[in-house]
Amino acid sequence: MSLDEATAILASYGVKPYFVEDLGKIKRITSDKGVFALKTVPPALGTDFLRHIQFLYQKGYNRVVPVYPTLDGRYAVLHQNELYYLMPWLPNETKEEHDDRNNKLFRELARLHTLSAREMPIRKEDRKEHYENTLLAIEKDEEFLVGFLERCEKKIYMSPFELQFCTYYNDIHQTLRFSKQQLEGWYEKTKDEEKIRTVVIHGKLSTDHFLYDDKGYGYFMNFENAKIGSPYQDILPYLFRTLKGFPKNRDDCIKWIQTYYQYFPLKDEEKQLMMSYFTHPTALLRVVQKYHKQQTRKKERKYTLQLQRNYWQLRNIEYVVRTLVEIDRQQKEQAAQAQAQAQQGGAQN
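J.: Looking at this structure, how should I read the overall build of the protein?
T.: Helices and strands together make up the secondary structure of the protein, namely ten helices and ten strands. In terms of its C-alpha atoms, the protein occupies a principal-axis envelope of roughly 80 × 70 × 45 Å. Burial analysis of the protein (349 residues in total) assigns 46% to the buried set. Across the protein, every contact between residues at least 6 apart in sequence was considered, and the portion connecting residues at least 24 apart equals 72%. Carbon and sulfur atoms provide 50% of the accessible area of the protein, an area that totals close to 19,100 Å².

Below, the structure is given as C-alpha cells:
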C-alpha cells in the first residue's frame, strides 16, 4: 500500500499517516495521532464481522482489539472494492513461555464462549438428519478401509504405501470405531432436545491472532471469520495443527483443554460430539483415497510420507483423547463418592 492510498483511507478517521509499513494483510501506520493497524476484510464478510464484535462488546467481552469508528460513525471504509478498518497497534511483547501463552489463549477463548453462549432452537428432524448423514459417512469410511485392506492383502508384493497402511490398519479402524461410538452416544443423549448451545466462534484461532498490550493483557484480533457455531469449531482446528508431527506426549494440549473446561465446562454430550470429530481420521483417509485413485505410482514416496505423518498425528490425538477421557472418568467417580459421603453424613445426622 502506498502512502497516498493510506492517506485517502485514513482521511475518514481524521488521521494523517507519515509512514506505512506493509506486513502482508496488516499495515502498520505511523501517523500524527500515533501508531495504528490497518486491515482489510472482504465486503461480503464485513457486515457479519462487525456485528459479531459489537455483540461481544454488548455482552461485556472487551478482550477484542477495538475497531475505531470513522468521523461519521462508520466502522469500515470502502476503498477499491475492499473494506478497511482501523485498530490500535499492540506491541505484543511478552516474555512468557509458549505454553503459558497458550493457556492464556484458551482461558480467554473460554471467556469469549461463556459470554456469547446462547440456547438456539433446533428441530429434532434436523438433529436426526445430521446424525444419520454423519453416521453414514463414517460407515462409508469403514467400508472403504476394509476394501482397501483386502485389495492390499491380495497382492504378492505390496508397495511401500500399501505395506505401511496394512501395518497401521488396526489403529486406524479402532479410531474410526471410537469416533462412531462417540457420535452415537451424543445422539442418544440429545435426540429429544429441541435446543442447542451456540457461541460466537473466533473462526481462525491462533497465537498470532492473540496480541498483548503494553500492560500484558491479551486481546483477540482477526475476527473476519467469526460466526455462530459450536465451541469445538474453535478448539479442534487449533489442536489438529498442534498435534501434527512426530509422536509425542502432548500433555500441554491436555492442560490447555483443562484450562478451557475450568472457565467454560462442556456438557457430556458436547464433549462426545467434539471427541467424535476429533478422532475421525479425516486427513489420513484423504491420503489413502487419493492414493487409491491415482493412475501411476510415480508419487509413491510422497504418499507414503504423507500417510506416515498423518498416522503420527492420529496417535498424538489418541493420547490426548485417552487422557482426557480418563480424567473425566476420575472426576465423575470423585464427585459420586463425595455425594455418597454427604448423603451418608446427612442420614446419620
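We are not done yet, so read on.
J.: Looking at this model, I keep getting lost on the environment of Thr70. Mind explaining?
T.: Tracing the backbone shows Thr70 in the loop between helix 2 (43-58) and strand 4 (77-79). A relative accessible area of 5% means that Thr70 is categorised as buried. Measuring from C-alpha to C-alpha, the distance between Thr70 and Lys332 comes to 52 Å, with 262 residues separating the pair along the chain. The residues contacting Thr70, other than those within four sequence positions of it, are Ser12, Tyr13 and Val77.

J.: Where do I start with the pairing of strand 7 (residues 195-201) in this structure?
T.: A regular strand places its side chains so that they alternate between the two faces of the sheet. In terms of burial, strand 7 is largely enclosed, as five of its seven residues are buried. Bridging between strand 6 (residues 118-121) and strand 7 involves four bridges; their strand directions are antiparallel. Opposite Glu119, over in strand 7, you have Arg197 as the bridge partner.

J.: Would you mind going over the nonpolar core with me for this structure?
T.: The tendency in soluble globular proteins is for nonpolar side chains to be buried as a group. Counting residues in hydrophobic clusters, the biggest one holds 83 residues, and the most contacted among them are Phe165, Phe220, Phe223, Leu239, Tyr260 and Phe278. If you tally residues by element for this core, the top one is helix 10 (residues 300-348), at ten residues. The residues touching Phe278, leaving out its near neighbours within four places in the chain, are Leu236, Leu239, Phe240, Leu243, Ile317, Val320 and Val321. By size, the runner-up hydrophobic cluster in this structure holds twelve residues, among which are Ile9, Leu10, Tyr13 and Val15.

J.: I keep staring at the sheet that holds strand 3 (residues 34-41) and nothing clicks. Help me out?
T.: Working definition: the strands of a sheet are paired by backbone hydrogen bonds and lie parallel or antiparallel to each other. The antiparallel open sheet is built from five strands, whose spatial order is 1-2-3-5-4. Where the open sheet ends on each side, the last strands, each with one partner, are strand 1 (17-22) and strand 4. Pairs of neighbouring strands in the sheet enclose a mean axial angle of 30°, with direction left out of account. Strand direction decides the pairing type here: strand 2 (residues 26-31) and strand 3, joined by six bridges, are antiparallel. Within strand 3, the residue paired with Ile26 across the bridge is Lys39. With respect to the sheet, helix 1 (residues 3-10) is in contact with strand 1, strand 2, strand 3, strand 4 and strand 5 (82-88), its orientation differing from that of strand 1 by roughly 115°.

J.: How do you make sense of the sheet that holds strand 7 when you look at a structure like this?
T.: Pairing within the open sheet is antiparallel, and its three strands lie in the order 6-7-10. The open sheet has two free edges, formed respectively by strand 6 and strand 10 (227-229), since each of these has just one partner strand. The average angle at which neighbouring strand axes cross in this sheet is 45°, direction not considered.

J.: Would you mind going over the packing of aromatic side chains with me for this structure?
T.: How two aromatic rings sit relative to each other is given by the distance of their centres and the angle of their planes. The full count for this structure, using the stated rule, is 23 aromatic pairs. Residues Phe148 and Tyr291 carry aromatic rings whose centres are separated by 6.4 Å and whose planes lie at 90° to one another, so their mutual orientation is edge-to-face. On the criterion of sequence distance, the pair formed by Phe148 in helix 4 (residues 124-153) and Tyr291 in helix 9 (residues 282-293) is long-range, its members being 143 residues apart. Tyr291 sits in the buried class, given a relative accessible area of 0%. Grouping aromatic residues by their ring pairs yields a cluster made of Phe144, Phe148, Phe161, Phe165, Tyr169, Tyr291 and Tyr303.

J.: Which parts of the structure should I look at to understand the pattern of salt bridges?
T.: Here the idea is simple: oppositely charged side chains can pair when their charged atoms come close. Counted by the stated rule, this structure contains 25 salt bridges. Taking the shortest distance from any N to any O, the salt bridge between Arg51 and Asp48 comes out at 2.6 Å. Taken as a pair, Arg51 and Asp48 lie in helix 2 at a separation of three residues, close to a single helical turn. Residue Asp252 is joined to Arg250 by a salt bridge in which the shortest nitrogen-to-oxygen separation is 2.7 Å. Overall, Arg250 belongs to the buried group, its relative accessible area being 12%. Put simply, Asp171, Arg315, Glu318 and Arg322 are held in one network by salt bridges that share partners.

J.: Just checking my understanding: could you explain the packing of helix 6 (residues 232-242) against helix 7 (residues 251-263) for this structure?
T.: Between two packed helices, the angle of one axis relative to the other and the distance separating the axes together describe the packing. Remark: helix 6 packs on helix 7, axes separated minimally by 11 Å, with the N-to-C direction vectors making an angle of 165°. In terms of their interaxial angle, helix 6 and helix 7 are classed as roughly antiparallel. You can see that helix 6 and helix 7 cross each other, and the crossing is right-handed. Between helix 6 and helix 7, the residues in contact are Ile235, Tyr238, Leu239 and Thr242 and Cys253, Trp256, Ile257 and Tyr260, respectively.

J.: I tried to follow the pairing of strand 1 on my own but got confused; where do I start?
T.: Of the pairings in the sheet, the one linking strand 1 to strand 2 comprises five bridges and is antiparallel in character. From the neighbouring strand, Val20 faces strand 2, where its bridge partner is Ile29. Two successive antiparallel strands, strand 1 and strand 2, enclose a turn made up of three residues, where Gly24 displays a positive phi of approximately 90°.

Procedures and definitions
Residues numbered from 1 in each chain as written. Predicted model: local features only at pLDDT ≥ 70, side-chain atom pairs only at ≥ 80, totals over all residues. Heavy atoms only, no water. Helix = DSSP H or I, 4+ residues; strand = E, 2+ residues; numbered from the N terminus. Buried < 20%, exposed > 50% of the residue type's maximum accessible area, 1.4 Å probe, protein only. Contact = heavy atoms within 4.5 Å. Areas by Shrake-Rupley, 256 points an atom, 1.4 Å probe, with all protein chains shown as cover. Pairing = 2+ DSSP bridges. Core = buried A, V, L, I, M, F, W, Y, C linked by side-chain atoms within 4.5 Å. Axes fitted to C-alpha atoms, helices over the stretch in contact; angles between N-to-C directions. Phe/Tyr/Trp six-rings, centres within 6.5 Å; stacked < 30°, edge-to-face > 60°. Salt bridge = Lys/Arg side-chain N within 4 Å of Asp/Glu carboxyl O. Parallel < 35°, antiparallel > 145°, perpendicular 65-115°, else oblique. Left-handed = near helix turned anticlockwise from the far one by under 90°.

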